[in-house]
Each structure stands twice: as structure tokens, then as C-alpha cells.
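In case you want the letters, here they are:
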Amino acid sequence: MKRILLFLSALAVFSCAQPQPQAFQVIPMPADVAVSDGSFCVKGAAVHFEDDLDEASMAAVLRFVEAVETATGTQCKWDEGGMTFRVNPSLAAEQYAINITPKSVTVEASALNGFVYACETLKQMLPAAIYGKEAVKADWVLPCVNILDQPRFAYRGMHLDPCRHFFTIEETKRYLDVMTAYKLNRFHWHLTEDQGWRMEVKKYPRLTEVGAWRNGTMIGKDWGSNDGIRYGGFYTQEEMKEIVDYAAKRGITVIPEIDLPGHMVAALAAYPELGCTGGPYEVWTRWGVAPDILCAGNEQIYTFLEDVLTEVMEIFPSEYIHIGGDEAFNESEGIPWEHCPKCAAKMRQLGIKKGPMAKHYLQNYVTARIQDFLNAHGRKIIGWDEILEGELAEGATVMSWRGVEGGIKAAAKGFDAIMTPSSHLYFDYYQSHERDKEPLGIGGFLPIEKVYSYEPFDGLVPGSEKHILGVQANLWTEYIPTPEHLEYMLLPRMCALSEIQWCAADKKDFARFNESLDHAFAIFDAMGLNYSLDCRGQIGLDRQPARTPEELAQLEKPAW
Ligand code: ACM
Ligand code: ZN
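This report concerns the structure included in the present document. Everything quoted here is computed from the prediction, not taken from an experiment. (Residues numbered from 1 in each chain as written. Chains lettered and ligands numbered in written order. Predicted model: local features only at pLDDT ≥ 70, side-chain atom pairs only at ≥ 80, totals over all residues. Heavy atoms only, no water.)

Below, the discussion takes up helix α16 (residues 510-527). Its 18 residues place the ends of α16 24 Å apart at the C-alpha level, agreeing with the 26 Å of an ideal helix rising 1.5 Å per residue. For α16, a buried count of 13 out of 18 residues is recorded, marking the element as mostly surrounded by other parts of the structure. Capping the start of α16, Asp509 holds a side-chain oxygen 3.1 Å from the backbone nitrogen of Ala511, two or three residues further along. (Helix = DSSP H or I, 4+ residues; strand = E, 2+ residues; numbered from the N terminus. Expected span 1.5 Å × (residues − 1). Buried < 20%, exposed > 50% of the residue type's maximum accessible area, 1.4 Å probe, protein only. Polar contact = N/O pair within 3.5 Å; in protein donor to acceptor, adjacent residues only side chain to side chain.)

Moving on to the sheet that holds strand β7 (residues 141-149). One open sheet accounts for seven strands, arranged β1-β7-β5-β6-β4-β2-β3; its pairing is mixed. The sheet terminates laterally at β1 (32-41) and β3 (77-78), the two strands that pair on one side only. Across eight bridges, the pairing between β1 and β7 is antiparallel. Bridged to Val35 within β7 is Val145. Where helix α3 (residues 112-125) meets the sheet, it contacts β4 (83-87), β5 (96-100), β6 (105-109) and β7, and its direction lies at approximately 40° from that of β5. (Pairing = 2+ DSSP bridges. Contact = heavy atoms within 4.5 Å. Axes fitted to C-alpha atoms, helices over the stretch in contact; angles between N-to-C directions.)

This paragraph deals with the coordination of the zinc ion (ligand 2). Taken together, Cys276 (SG), Cys295 (SG), Cys340 (SG) and Cys343 (SG) make up the full set of protein donors to the zinc ion (ligand 2), lying 2.3 Å away. Coordination geometry of the zinc ion (ligand 2): the four donor atoms subtend angles of 107 to 112° at the metal centre, consistent with an arrangement described as tetrahedral. By relative accessible area, Cys340 is classed as buried at 4%. (Donors = N, O, S within 2.8 Å, 3.2 Å for Na, K, Ca; no water. Tetrahedral: all angles 85-135°; square planar, octahedral: opposite > 155°, others 65-115°.)

Counting 180 residues, the largest nonpolar core has Phe85, Met158, Tyr182, Trp197 and Met494 as the members making the most contacts within it. Setting aside anything within four residues of it in sequence, one finds Met494 in contact with Met158, Val178, Met179, Tyr182, Leu184 and Phe427. (Core = buried A, V, L, I, M, F, W, Y, C linked by side-chain atoms within 4.5 Å.)

Okay, the side chain of Thr208 next. One can find Thr208 in helix α5 (residues 206-209). Residue Thr208 is classed as buried on the basis of its relative accessible area, which comes to 6%. When near neighbours in sequence (up to four residues on either side) are disregarded, Thr208 contacts Trp197, Met199, Glu200, Trp213 and Phe234.

Axis separation between helix α15 (residues 493-502) and α16 bottoms out at 10 Å; the angle between their running directions is 125°. By the angle between their directions, the pair α15 and α16 is classed as oblique. For the pair α15 and α16, the crossing hand works out as right-handed. Within the contact between the two elements, α15 uses Cys495, Ala496 and Glu499 and α16 uses Arg512, Phe513, Leu517, Ala520 and Phe524. (Parallel < 35°, antiparallel > 145°, perpendicular 65-115°, else oblique. Left-handed = near helix turned anticlockwise from the far one by under 90°.)

Turning next to the environment of Glu405. Tracing the backbone through its elements, the reader meets Glu405 in helix α11 (residues 405-412). Residues Glu405 and Leu53, 352 residues apart in the sequence, show an inter-C-alpha distance of 43 Å.

Right, let's talk about the packing of aromatic side chains for a bit. By the definition in use, this model includes 28 aromatic pairs. Where Trp384 meets Trp476, the ring centres are 5.7 Å apart and the plane angle is 45°; that geometry is what we call tilted. Of this pair, Trp384 sits in strand β16 (residues 380-384) while Trp476 sits in the loop between β19 (468-473) and α14 (483-490), placing them 92 residues apart in sequence. An identical accessibility class is assigned to Trp384 and Trp476; each is buried. Directly above the aromatic system of Tyr246 lies the positively charged group of Arg250, at a separation of 3.6 Å from the ring centroid. One cation-aromatic arrangement involves Arg369 over Tyr302; the distance from NZ or CZ to the ring centre is 3.8 Å. (Phe/Tyr/Trp six-rings, centres within 6.5 Å; stacked < 30°, edge-to-face > 60°. Lys NZ or Arg CZ within 6 Å of the ring centre and 35° of its normal.)

These figures come from the coordinates and say nothing about function on their own.
Okay, here's the thing in C-alpha cells:
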């Protein structure tokens with residue numbers, strides 16, 4: 001009997017057997033799925049483009065076909081009668097349809113994003129080794145299924161802070177790869193900070209000669225310490241264009257952030273004349289909110305910002321540019337604008353009266369000038385929810401981070417908003433209560449169930465839902481010095497984020513999602529990504545058994 005079972009399971013592993021339909025394990029769960037009996041074998045299958053797919057869509061499909069060829073160790077044939085990729089103009093840009101029978105796979109989309117997402121869904125229905133770099137013997141079949149799928153939100157973002165700790169272009173591409181696998185479409189790249197300026201700006205070379213480097217970093221959570229090791233790095237304009245291009249091919253728009261008027265100490269260290277006191281300033285070596293900010297009363301800062309943003313626009317085609325706006329004022333360490341003759345003169349000129357709101361109105365002025373400049377160049381601003389304090393000019397989009405209130409208020413006032421509440425979507429928070437076993441987090445407690453439970457429309461004034469463009473999680477890196485640690489904080493929580501962003505509220509189901517995570521873990525293994533198993537009770541960075549591609553293929557066939 002045992003021998004017969006072994007024989008049968010070997011058959012299942014090494015040939016195109018017909019698995020029984022079970023729970024369907026794609027994340028984010030597609031909108032409409034109807035699984036039927038039977039399966040289609042992709043190994044050596046014929047592939048065919050019908051109609052004129054544009055170049056980018058064809059390239060996306062080719063990446064999928066290459067992955068099939070690599071993982072199965074068998075070339076596909078360019079011929080009709082197998083997998084057909086077809087343009088269907090009646091579908092929306094991010095929508096796709098998949099029909100699989102025992103004899104054919106038909107994929108339809110109208111644009112790049114639809115084809116990218118269709119291919120990602122196909123990959124998730126195959127053994128996780130499809131994400132690897134080696135040929136593997138496995139059950140290389142797709143289930144017979146009909147899928148029609150589209151996202152709930154147009155803006156599906158993930159943020160990265162490469163300033164507190166620096167992540168290379170290759171590491172950033174891996175971040176984009178895993179975003180692609182879960183159908184995210186906005187990469188918010190936070191390029192400037194008190195602790196390091198990361199973007200090459202040709203007109204202001206000292207921003208990277210001086211501003212990209214700090215004289216040490218505080219050690220762990222010891223605020224009085226400094227490791228004395230010079231730390232930094234920056235991206236050349238060519239490298240940033242490479243990221244924009246890499247992301248665009250995967251349907252992801254890169255939204256750069258130049259944070260202003262606060263979080264600017266690295267720039268002040270390079271050009272001290274832009275600050276209220278004239279400095280000298282040093283690139284910050286500790287975390288927190290630096291009191292020194294750009295001098296709103298000095299006309300030079302507007303020239304500086306316009307010059308920087310001109311180069312930003314040359315690199316980043318995104319309609320939206322993020323202009324920060326958060327944490328401009330450090331109440332406990334002093335607010336330079338309140339002691340600066342130039343800022344006082346500017347407030348008089350603008351008719352801003354003394355009082356607790358004065359600094360907010362002055363910040364409104366800075367925001368509005370930059371907004372006018374970007375609008376004149378066909379771009380729009382996003383700012384953190386502090387930009388809502390005082391008076392915000394029409395057309396700005398508010399990123400709600402200090403909770404949901406900023407987004408709710410913005411939407412009620414008719415501003416577009418993106419929800420990134422720290423309560424549910426700050427991935428620098430701990431995932432377990434056993435902090436001594438965890439790699440460092442900034443604080444808090446954000447297990448995957450809590451991420452998953454977030455509902456972006458909760459609390460909105462009825463009728464203002466249309467202003468919620470979407471949802472994003474943020475990953476600040478004060479305590480995250482390595483890519484392994486970064487991935488541990490990101491994964492699998494980003495999978496939960498993807499279902500908030502993609503799935504209709506009534507399609508979300510934590511029990512189903514949680515079961516699907518085992519296949520996601522196998523995908524991360526195949527991609528060579530680190531991840532947290534906190535939700536499976538294994539806490540910490542050192543807990544992972546390395547799996548071989550063969551083990552992966554056998555252990556982690558998705559259920560469908
Ligand atoms: C923020 O977390 N300071 C936007
Ligand atoms: Zn000033």
C-alpha cells in the first residue's frame with residue numbers, strides 16, 4: 001500500500017497530473033474565480049500573441065514565459081494552440097481575464113498592468129519554484145479556471161526610506177519585484193532626510209558630496225551613543241532612471257519624495273545659507289525630528305527647491321510628486337521660524353498674525369508656492385497630513401499617517417487622500433510582543449491580523465469615499481540596517497496590505513488569506529527573500545531553514 005502511495009505521489013510530482021480543486025490560494029484573491037476540474041500543463045507549452053500587444057505588455061509576458069522555461073527546464077514553442085495572450089480593449093487598464101481549459105490558456109487585458117497582473121496570477125497558481133532561478137521537477141500545471149479580476153483601489157502603494165539606512169539599486173529592485181508579485185503599483189521613494197540626502201542633483205553637488213554622509217549612527221536605541229562610523233550613499237540620476245524604468249516595466253509608478261520644509265538638515269549641512277540661523281549644521285546622527293528646517297523667509301529656498309524639483313521632474317515622470325510636509329516643528333527643541341527676522345518679515349508681508357497657528361500658515365505658504373510651481377509643470381503634490389493644518393490649496397492630495405483622521409478630514413473637505421495610518425500600516429512596528437527575540441522595531445505592535453483588518457472607508461463622511469485614492473504602507477528604516485531585516489519587516493505584512501488594496505471589502509477573509517500564506521512563504525524562499533514567521537509562532541531573524549528548490553517544488557504546490 002505504502003509503495004502504491006509513493007508511486008502515486010511521485011506521479012503527481014513528476015508529471016502533469018490532474019489535481020483536485022481545493023481552496024484557491026492566490027494573493028490578493030482575484031475578484032471572480034470559478035475553478036473547474038482538470039488542468040493545463042505549461043511545460044513546453046505553445047505560446048502565442050494574438051492582436052498587437054504593445055511592446056511593454058509583450059515584454060511582461062516574455063518575462064513570464066522565460067520564468068516558465070527556466071523553472072520547467074523546457075523551451076516553450078511559439079505557436080498557436082496553447083497559451084494565448086490577447087488584447088481586449090473592453091477591459092479596464094488594470095483588469096484582466098484568464099480562461100484555462102485542459103487544452104488552452106487564454107489571457108486578455110487591454111494594457112500593460114492587466115498583462116502584468118494576469119502573469120502574476122498565473123505564477124501564483126504554479127509551484128513556488130516558478131519564482132526561482134533553477135529548473136525543478138514539479139507538477140507544472142495550472143488549474144482549469146475562469147478569472148475576471150480588477151483592483152478596488154487605483155493607488156496601491158509601498159513606501160521605502162533609504163535615508164536612515166541606505167539600500168542599493170539591486171536591493172531596491174528586489175523590493176519592486178515583490179511589490180509586482182502582489183500587484184502593487186506605486187513605489188513611494190523617500191529620498192531626502194535629516195540623516196542623509198540620497199538623490200544626485202547636478203546643480204547642487206554638495207547635496208551628495210556633503211549631505212549624503214553622516215558622521216556615525218546612534219547604536220540601537222541608545223540616544224546618547226554614536227558608532228563613529230561614517231555612513232551614507234546616494235543614487236546617481238542614471239541609477240534613479242534605471243529604477244523608474246524597471247518599475248514602469250512592471251506597472252509601477254515611482255513617486256519621489258523631497259521632504260520640505262522639515263527633515264532638511266542634510267541639505268542644510270550642504271548649503272547652510274538655506275537655514276534660519278545660517279548654521280553650521282551637520283548631517284544628523286540620531287533619529288527623531290530635527291529642529292532646524294528651511295528658512296521660509298529666505299527667497300533662496302524657493303529657487304533651491306524649484307531647481308531641485310526641476311531635476312526631480314526630469315528623472316521621474318510621475319504625475320504626483322511627494323513634497324513631505326511632516327514634522328516641520330520640534331516643539332520641545334525650539335522652532336527657528338519663531339526667532340528668525342527673515343521669517344518674521346515674511347509673516348508680516350503675508351499678514352500672518354502672531355499666535356499658535358502662525359507657523360502653520362507660514363508652512364501653508366511654502367506648500368502653496370511649491371504646489372504652484374509643480375502644477376505649472378503639469379504635476380500634482382502629495383503631502384503628509386500636516387499640510388492640512390491651516391489652509392491647504394485646492395488640488396493637493398493628503399497622505400494620512402498620524403491615524404485615519406487626516407484622511408477622513410481631507411476627504412470631507414474635498415481633497416483626495418491616500419490612507420497610510422501608522423496604527424495599521426507602519427511596517428517598522430514590531431510583529432510580536434516578544435521584542436527581545438525580534439530584530440529592532442521602532443515600537444508598537446502590528447501583527448499581520450491587524451494589518452489585514454484595516455478598512456479604508458471606515459469613519460468616512462458618507463459620499464467622500466471617492467476621494468480615497470488608495471492605500472499604502474510605510475517602511476521607515478531608523479532601526480533597519482540590512483536588506484534581510486527590511487524584508488523581515490515587509491513580509492508577509494505586505495501581502496495583507498495587497499488584499500486591502502486589491503480586494504473588495506466583502507472578499508476579504510483572514511482565515512482564507514492566512515492559509516494562503518504558506519504558499520507565499522514558499523514564494524519568498526524561491527525569490528531568496530527573507531520574511532517573518534511571527535504569525536506561525538517562529539520569532540526572530542535566525543529561524544529560517546533554507547529550502548532547496550526541489551524541496552520547495554514538492555512542499556509548496558499551491559492549493560486550487
Ligand atoms: C512620518 O511618518 N513622519 C510621515
Ligand atoms: Zn527663517
